[in-house]
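Listed below are the residues making up each chain.
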Amino acid sequence: MSTTPAVPAATPAPAGRAAALTATASVPTSAMDRPQPVVLENERVRLEPLGPQHVEGLRAVVADGEIWRIPYAPHVPAPDQVAERVAAQCASDEAGSTVSWAVLERDGGRVVGHTTFLNISLRDRRLELGTTYMAGSTHGTGLNAATKLALLTHAFEELGCLGVEFRVHHLNITSRRAVERLGAQQDGILRAHRIMPDGTIRHTVVYSILADEWTGVKASLEHRLRR
């Protein structure tokens with residue numbers, strides 16, 4: 001029988017965050033355009049719209065470091081589940097519910113990861129960036145930061161998003177710290193939000209970056225990638 005873990009206390013929004021929220025109160029009321037499956041690139045990575053041609057590469061990704069065994073990350077498929085997950089994700093993309101990419105190294109073209117725009121709200125100019133996983137050998141190399149830079153630049157500068165959200169299992173401390181290093185602020189915790197495949201309860205920690213914060217977040221990411 002599963003037990004409900006203790007929920008960490010929510011972090012109050014800093015003063016600058018409150019100012020940003022106030023600043024976004026008067027914004028255009030028009031809906032943003034629906035995100036499209038386009039190629040995104042920068043100096044480190046190339047993001048290609050997800051397709052069946054990426055299945056073999058993603059099998060190698062999840063096997064690299066056996067990242068599919070990482071606790072609290074059920075969105076990472078086992079190698080024998082990759083084809084099924086890619087097909088399901090492509091169907092969701094075709095329905096307009098999500099936009100998914102395979103992440104490739106710019107030099108050499110090796111597939112190194114997967115990521116998605118989901119929970120897209122055109123009316124609110126907001127979306128979630130999630131279901132991201134990267135090959136174990138890329139951890140700590142800056143490829144994840146480069147991927148987020150490409151995605152966030154597209155979201156804020158081309159789509160005109162007002163906010164980009166991240167949702168993380170409360171016990172997935174590694175992912176929470178990675179999101180915090182991006183410059184995302186914690187909005188709150190959805191308690192007892194999901195029942196996981198193993199029957200345990202997930203509390204979901206919600207983070208976001210607002211359009212008003214993007215300039216500073218972008219500068220920080222670019223600085224990290226220059227080091």
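Residues numbered from 1 in each chain as written. Predicted model: local features only at pLDDT ≥ 70, side-chain atom pairs only at ≥ 80, totals over all residues. Heavy atoms only, no water.

1. Remarks on the sheet that holds strand β8 (residues 201–210)
The pairing of strands in a sheet comes from backbone hydrogen bonds and takes either a parallel or an antiparallel form. Spatial ordering of the open sheet is given by β1-β2-β3-β4-β5-β6-β8-β7, a layout of eight strands whose pairing is mixed. Each edge of the open sheet carries a strand with a single partner, namely β1 (40–41) and β7 (185–195). Alignment of β1 against strand β2 (residues 45–49), held across two bridges, turns out to be antiparallel. The residue bridging E41 from the neighbouring strand is R46, located in β2. Here helix α4 (residues 143–158) sits on the sheet and contacts β1, β2, β3 (99–105), β4 (111–121), β5 (126–134), β6 (163–169) and β8; the angle it forms with β5, its principal contact strand, is near 160 degrees. (Pairing = 2+ DSSP bridges. Helix = DSSP H or I, 4+ residues; strand = E, 2+ residues; numbered from the N terminus. Contact = heavy atoms within 4.5 Å. Axes fitted to C-alpha atoms, helices over the stretch in contact; angles between N-to-C directions.)

2. Some points on the pattern of salt bridges
Inspection of the entire model under this criterion finds twelve salt bridges. Among the ionic pairs, R69 bridges to E66, the shortest N-O distance being 3.2 Å. In this structure, the salt-bridge partner of E157 is K218, at a minimum N-O distance of 2.8 Å. Of this pair, E157 sits in helix α4 while K218 sits in helix α6 (residues 214–226), placing them 61 residues apart in sequence. With a relative accessible area of 22%, K218 lands in the partly exposed category. (Salt bridge = Lys/Arg side-chain N within 4 Å of Asp/Glu carboxyl O. Buried < 20%, exposed > 50% of the residue type's maximum accessible area, 1.4 Å probe, protein only.)

3. Some details on the pairing of β7
Bridging between β7 and β8 involves seven bridges; their strand directions are antiparallel. Within β8, the residue paired with I195 across the bridge is I201. Taking the residues between adjacent antiparallel strands as the criterion, β7 and β8 are bridged by five residues, where G199 takes a positive phi near 90 degrees.

4. So, the packing of helix α2 (residues 55–63) against helix α3 (residues 82–94)
How two helices pack is summed up by the angle between their axes together with the distance between the axes. Across the interface, α2 lies against α3 with an axial gap of 9 Å and an inter-helix angle of 120 degrees. By the angle class used here, α2 and α3 are oblique. Viewed along their axes, α2 and α3 form a crossing whose handedness is right-handed. Here V55, L58, R59 and V62 of α2 come into contact with α3, specifically with V82, A83 and V86. (Parallel < 35°, antiparallel > 145°, perpendicular 65-115°, else oblique. Left-handed = near helix turned anticlockwise from the far one by under 90°.)

5. Some words on the packing of aromatic side chains
Summed over the entire model, instances satisfying the criterion amount to two aromatic pairs. A centroid spacing of 4.9 Å and a plane angle of 85 degrees characterise the contact between W101 and F117, whose relative ring orientation is edge-to-face. In this pair, W101 is assigned in strand β3 and F117 in strand β4, connecting sequence segments 16 residues apart. In terms of burial, W101 and F117 fall into one category: buried. Look at F156 and W214: their rings are 5.4 Å apart centre to centre, the planes differ by 25 degrees, and that puts the pair in the stacked class. Of the two residues, F156 is situated in helix α4 and W214 in helix α6; the sequence distance between them amounts to 58 residues. Per residue, the accessibility class of F156 equals that of W214, and both read buried. (Phe/Tyr/Trp six-rings, centres within 6.5 Å; stacked < 30°, edge-to-face > 60°.)

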